[in-house]
Amino acid sequence: MATLQNGYSKKKQLDVVVVGAGLVGSLEAVYLAKRGHRVRLYEFREDIRKTPTARGRSINLALSVRGRRALRDVGLEAHMVKEHGIPMTGRRIHRTDGSTYAIPYDANTKQSIYSVGRNYLNGLLLQESEKYENVERYFNHKLIEANLKKGSLTFLKTDTNETVHVTADLIIGADGAFSAVRKAMTKRPFFDFSQKYIEHGYLELCIPPDDNGGFQMPPNFLHIWPRGEFMMIALPNQDCSWTVTLFMPFTKFKNLDTEEKLLAFFEKYFPDSIPLIGRKKLIEDFFAESPSPLVAIKCRPYHVEDKALLIGDAAHAVVPFYGQGMNAGFEDCTLLDELFQKHNDSLAEILTEFSETRWEDTFAVSDLAMYNYIEMRDLVTRTSYRLRKAMDDFIFWLLPNFWVPLYNSVTFSTMPYSQCIKNREWQDKILKRTLSFAGLALVIGGAVSFKIKYYGLY
Ligand SMILES: Cc1cc2nc3c(=O)[nH]c(=O)nc-3n(C[C@H](O)[C@H](O)[C@H](O)COP(=O)(O)OP(=O)(O)OC[C@H]3O[C@@H](n4cnc5c(N)ncnc54)[C@H](O)[C@@H]3O)c2cc1C
C-alpha cells in the first residue's frame, strides 16, 4: 500500500471521470486528486477563466460553514474567506419609505456568511486542480451518451464536432440541474425523480460603486426589500458593486412590459433603490434579459452499482433562498471523501452508503429552501417572526449547546439538514409548552430586553 505526499494511503489508483467543471465538479476533482486517483474532468463550456461573466446566473453566492469546511479540506478556505469573501453579518431590511433596519444572523456568536464571486471561486478550484499531475481537464466537451453500468461515456467536442469515447472505473455526474448523467439514470428501474418549477423567476440587476469607487450601501449585510409576494435582495461584490436579484412571479414580470410601468413599479415598491441603480441602468438591465426560472430537483438513488454517482445540483438542485445549493454540493464532496477514507476506496460500499444516507438531508434542504423564500419575502417584516427570533436567540445565548436556532443550525453548523428540521420541530413543541407555564413571563421578559438591546424597539 503506497503512502502519498499528503499522508493518504491508497490501495489502487482509480480512474475517475467527473462530468461538469462547475463549482462542485471542480472541487470534487481536487478532493479525488488529493487521494491520488486519476481524474479526468469534462466540461461542456469553455474554461470559465477565459470567458467573461455571463449574465443571468447569480454572479455572487453566499458561502457558509458547510462550504467553508470543504474549502478548508482542499486548502482554499482562508484565501477565499479572508481575501475574496465579504462578510454579511445579517439581513438589512429596506422598508418602502426607504428606512432600513438590521436583523443579525447570529447575535450571540456573531458569525457571518460570505459573499463570494461565482466565477472567481470556480476559477480558483480549477487552478487548484492544475497543481495535481493526476488531473486532466477537457473543456468544450458535452456529454451526449452514457452507459453507466459499463462506465462508458460519449462526448461531443463542441469546437470540432468530433465525438470522443471514454471509459472509467467511476463516473461522477456533477453536471448541474439538467444533468445528462442523471438523464441516463432515469431509464433504470427504481430511480425516483421529481422536478418542480416554482411560479417565481429571478432577474439580476446591479448597483454600481459610488463616484469614489466605494459601496453605496453598508456592505456587511445581505440587503432585502421584502414585499410579501415578491422580494429584491442585494449581495456585495469585491469591486464595491452589488448584485441585485429581483424574485417575483412570472406573471408580475410579464406585466412590466414598458419603461413607464417598470419605473412606476420601482417607485412604489423599491423607491430607495432607484437612485442607487440609476434610472437609465435600471431600464437597460431590466429589459436586457428575460427572468430565469427556478427549479427544485429531488431524485434517488444517486448511484449505479459501483460505477456512477450524482453530486451537487445534478443530485439535488434547490431553490436559492437558503443560500445552500453550492454549500450542500460542497458538503457532498466532503462526505464522499470521508466515505473513501472509511471504505478504503471500495466503490460499491462508498456509493451505496452515500446514496442511502444523503438523500434524506438533501430532500430536507430542498424543503428548507422553499420555506425560506416565504420567510425572506414576507415573514421577516412581521412582529411574530421577530419575537420568535429574539426568543430563539435569547435561549441560544442562555443554553448554546442545547438550543440552536434553525438558521444557525443550517448555516453555521454541519448538523445534517434533516436533523435541523427535527430540531426546529422539537423547539416548537417546547416553546408551545413553555408558553402555557408560569415560565412564560420570564422568557418573554428576557426576550424583549434582548430584542431591544440588539434590534431596537421596532
Ligand atoms: C440565483 C441563484 C442564486 C444562488 N445563490 C446561492 C448561494 O447564495 N449560496 C449557495 O450555496 N448556492 C446558491 N445557488 C445555488 C448554486 O448556484 C448551485 O447549487 C451550484 O452552482 C451547483 O453547482 P454544480 O457544480 O453542482 O452545478 P453547476 O454550477 O450547474 O455546474 C454544472 C457544470 O456542468 C456542466 N455541464 C452541464 N451539462 C453538461 C454536459 N452534458 N456535459 C458536460 N458538462 C456539462 C455545466 O456547463 C456546468 O459547468 C444559487 C443559485 C441561483 C440560481
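Fair warning: this is a prediction, and the values are worked out from it, not measured in the lab.

Engineer: Would you take a moment to explain the site of the ligand for this structure?
Structural biologist: Lining the immediate surroundings of the ligand are 29 residues, of which E43, R45, A62, R118 and D313 lie closest. Within the backbone of F44, an N or O atom sits 3.1 Å from a nitrogen atom of the ligand. Contact between the ligand and M326: an oxygen atom at 2.9 Å from a main-chain N or O atom of the residue. Protein chains bury 90% of the 1000 Å² of accessible surface belonging to the ligand in isolation. Elements with a contribution of two residues or more to the shell around the ligand: α1 (23-34), β5 (60-63), β11 (141-147) and α11 (325-342).

Engineer: Where do I start with the domain arrangement of the chain in this structure?
Structural biologist: Note on interface size: it is often stated as the accessible area lost on association of the parts. Under the domain assignment, the chain is made up of domain 1 (11-87 + 112-194 + 294-372), domain 2 (196-293) and domain 3 (382-455). Between the C-alpha centres of domain 1 and domain 2 there is a distance of 30 Å. Contacts between domain 1 and domain 2 engage 24 residues on the former and 23 residues on the latter. Surface buried jointly by domain 1 and domain 2 totals about 1900 Å² across both partners, of which 55% is contributed by carbon and sulfur atoms. The interface formed by domain 1 and domain 2 holds zero salt bridges in total. Connecting domain 1 to domain 2 are nine residue pairs in polar contact (both at pLDDT 80 or more). Elements that contribute at least two residues to the side of domain 1 that touches domain 2 include exactly β5, α3 (77-84), β6 (86-88), β9 (113-117) and β19 (292-300).

Engineer: How should unusual backbone geometry be read in this particular structure?
Structural biologist: Cis geometry is found at the peptide bond from R300 to P301, where omega equals 0°. Within the secondary structure, P301 sits in the loop between β19 and β20 (303-304). Not every positive phi belongs to a glycine, and D345 is a case in point at roughly 65°. Counting through the fold element by element, D345 comes out in the loop between α11 and α12 (347-377). Judged by its relative accessible area of 9%, D345 is buried.

Engineer: I keep staring at the sheet that holds strand β3 (residues 15-19) and nothing clicks. Help me out?
Structural biologist: Sheet strands pair by backbone hydrogen bonding; their relative direction is either parallel or antiparallel. The mixed open sheet is built from six strands, whose spatial order is β10-β4-β3-β14-β21-β20. Each edge of the sheet is formed by a strand with only one pairing partner; in this case those strands are β10 (135-138) and β20. Direction of pairing for β20 relative to strand β21 (residues 308-310): antiparallel, over a ladder of two bridges. Considered in β21, the bridge of H303 is made with L309. α1 contacts β3, β4 (38-42), β10 and β14 (170-173) of the sheet and is inclined by roughly 170° relative to β4.

Parameters at a glance
For every chain, the first residue of its written sequence is number 1, and the numbers climb from 1 along that sequence. This being a predicted model, a pLDDT of at least 70 is required before a residue's local features are given, and a value of 80 or more before pairs of side-chain atoms are given or counted; all residues contribute to the totals for chains, interfaces and linings. Hydrogen atoms and water are omitted, and side-chain values are computed over all heavy atoms in the structure. We call a residue near a molecule or strand as soon as one heavy atom of that residue lies within 4 Å of the molecule or strand. Contacts described as polar in this section are N or O atom pairs within 3.5 Å, which, within protein, must combine one atom able to donate a hydrogen with one able to accept it, while residues neighboring in sequence count only if both atoms come from side chains. Per-residue and other accessible areas were derived by the Shrake-Rupley procedure at a 1.4 Å probe size, with only the shown protein chains allowed to occlude residues. For the purposes of this entry, the term helix denotes a DSSP run of H or I that reaches at least four residues, the term strand denotes a run of E that reaches at least two, and both are numbered from the N terminus. Domain start and stop points were drawn from an automatic or database domain assignment. Between two residues, a contact is recorded if the distance between any of their heavy atoms is within 4.5 Å. Buried area counts how much accessible surface, traced with a 1.4 Å probe, disappears from two parts once they are put together, with both parts' losses summed. The working definition used for a salt bridge is a side-chain nitrogen of Lys or Arg within 4 Å of a carboxyl oxygen of Asp or Glu. The cut-offs for exposure are 20% and 50% of the maximum accessible area for each residue type, with area from a 1.4 Å probe on protein chains only; residues under the lower value are buried, those over the upper are exposed, and the others partly exposed. Two strands qualify as a pair provided that DSSP identifies no fewer than 2 bridges between them. Every axis in this analysis is a line fitted to C-alpha atoms, fitted for helices over the stretch in contact. Angles between the N-to-C directions lie between 0 and 180 degrees.

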